[in-house]
Amino acid sequence: MKRDTHALFFDIDGTLVSMATHAIPQSTVDALEKAKAAGHKIFIATGRPLSIIDNVGAVEHLVDGYITTNGAHCIVDGKTVNMIPIPPDEVDIVLDDARQYGYSCVVVSEHHFFVFQPHEDVDRIFRQQLNITRFDLVEPLEVVMKEPVLQFNPFIPVEHEPVLMGKLKECLCQGRWHPEFTDITTRHADKGRALATIADHVGIPLERTVAFGDGGNDISMVERAGVGVAMGNGIAELKAVADMVTSSVDDDGVARALQELGLI
């Protein structure tokens, strides 16, 4: 029986990729292969910039496009379909705040990224906990700043967020998916808006979109999709707005949900 084509959107860390093994479970790989064979479109939706998406190799051949930097950069079939940078004056404000309070901050542009004032927390979290293998691709700040800045990852406690965000008019925190840092983009970018942009670009109505996530930066996408799926290992705030809660990434959560939804 032929199924209507759906657009399926997947967060990476904690959704497609296990935080314990740093790999995509075989059940998820098999499920995405079946979804692709059934005619569905598959998209990655992550807070990572494209340059450090280094852990989806097992399904990369199935992917039709990417939402990166929490929706600030959308790519379909290798071409940019939308990019929303942070205003230059607010870039300066974030860097000045980092200087004033002495914290680390990752600066992400279209093709590059830079670690401003790197402390041990950046290496411990990005390289050791998240197993980011392309961390040696860091460019000098002057190279990064030649391009539009799309996202900041300030390594600040929750208590400092109001201090920093109170200085910014055009930016917002996307919601934490790690307790030690947050993601900041322009307020006009989030995964939910990006999902709608890509669905429109590929000609699939919103009611035939499905979004999978586990963290705070997935809330807008799970709310916006036709069906929003929270992983069993996801945060309570995401589960509260999801249409479905599946099992964890390590307990075949993606495969179970796709089967239950009749998509594979």
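Structure's up top.
Because the structure is a prediction, the values reported are computed rather than measured. (Residues numbered from 1 in each chain as written. Predicted model: local features only at pLDDT ≥ 70, side-chain atom pairs only at ≥ 80, totals over all residues. Heavy atoms only, no water.)

A.B. asks: Describe the packing of aromatic side chains, listing the residues and the values that go with them.
C.D. replies: Here the structure, examined in full by the defined rule, presents six aromatic pairs. Centroid distance Phe155 to Phe181: 5.0 Å. Interplanar angle 35 degrees. Geometry classified as tilted. Residue Phe155 is located in the loop between β8 (149–154) and α5 (161–165), and its partner Phe181 is located in the loop between β9 (171–173) and β10 (184–186); the two are separated by 26 residues in the primary sequence. On the basis of relative accessibility, which here comes to 6%, the residue Phe155 falls in the buried class. (Phe/Tyr/Trp six-rings, centres within 6.5 Å; stacked < 30°, edge-to-face > 60°. Helix = DSSP H or I, 4+ residues; strand = E, 2+ residues; numbered from the N terminus. Buried < 20%, exposed > 50% of the residue type's maximum accessible area, 1.4 Å probe, protein only.)

A.B. asks: I'd like a rundown of the side chain of Glu161, residues and numbers included.
C.D. replies: Relative to the helices and strands, Glu161 is located in helix α5. Filtering out sequence-adjacent residues up to four positions away, Glu161 remains in contact with Ile156, Cys173, Arg176 and Thr182. (Contact = heavy atoms within 4.5 Å.)

A.B. asks: An account of the sheet that holds strand β1 (residues 7–10) is needed here, citing residue identities and associated values.
C.D. replies: The strand order across the open sheet formed by eight strands is β5-β4-β3-β2-β1-β11-β12-β13, and the pairing between neighbours is mixed. The open sheet has two edge strands, β5 (79–83) and β13 (244–245), and neither has a second partner. The sheet contact formed by strand β11 (residues 209–213) and strand β12 (residues 227–230) spans four bridges and is parallel. Counted as the bridge partner of Ala211 is Gly228 from β12. (Pairing = 2+ DSSP bridges.)

A.B. asks: Tell me what's going on with the state of the cysteines, and back it up with residues and numbers.
C.D. replies: Counted by the stated rule, this structure contains zero disulfides. Cys74 forms no disulfide, and the closest cysteine sulfur to it belongs to Cys171, at a distance of 17 Å. Free of any disulfide, Cys105 has its nearest cysteine sulfur in Cys173, 11 Å distant. Relative accessible area serves as the criterion here: at 0%, Cys105 is assigned to the buried category. (Disulfide = S-S within 2.5 Å.)

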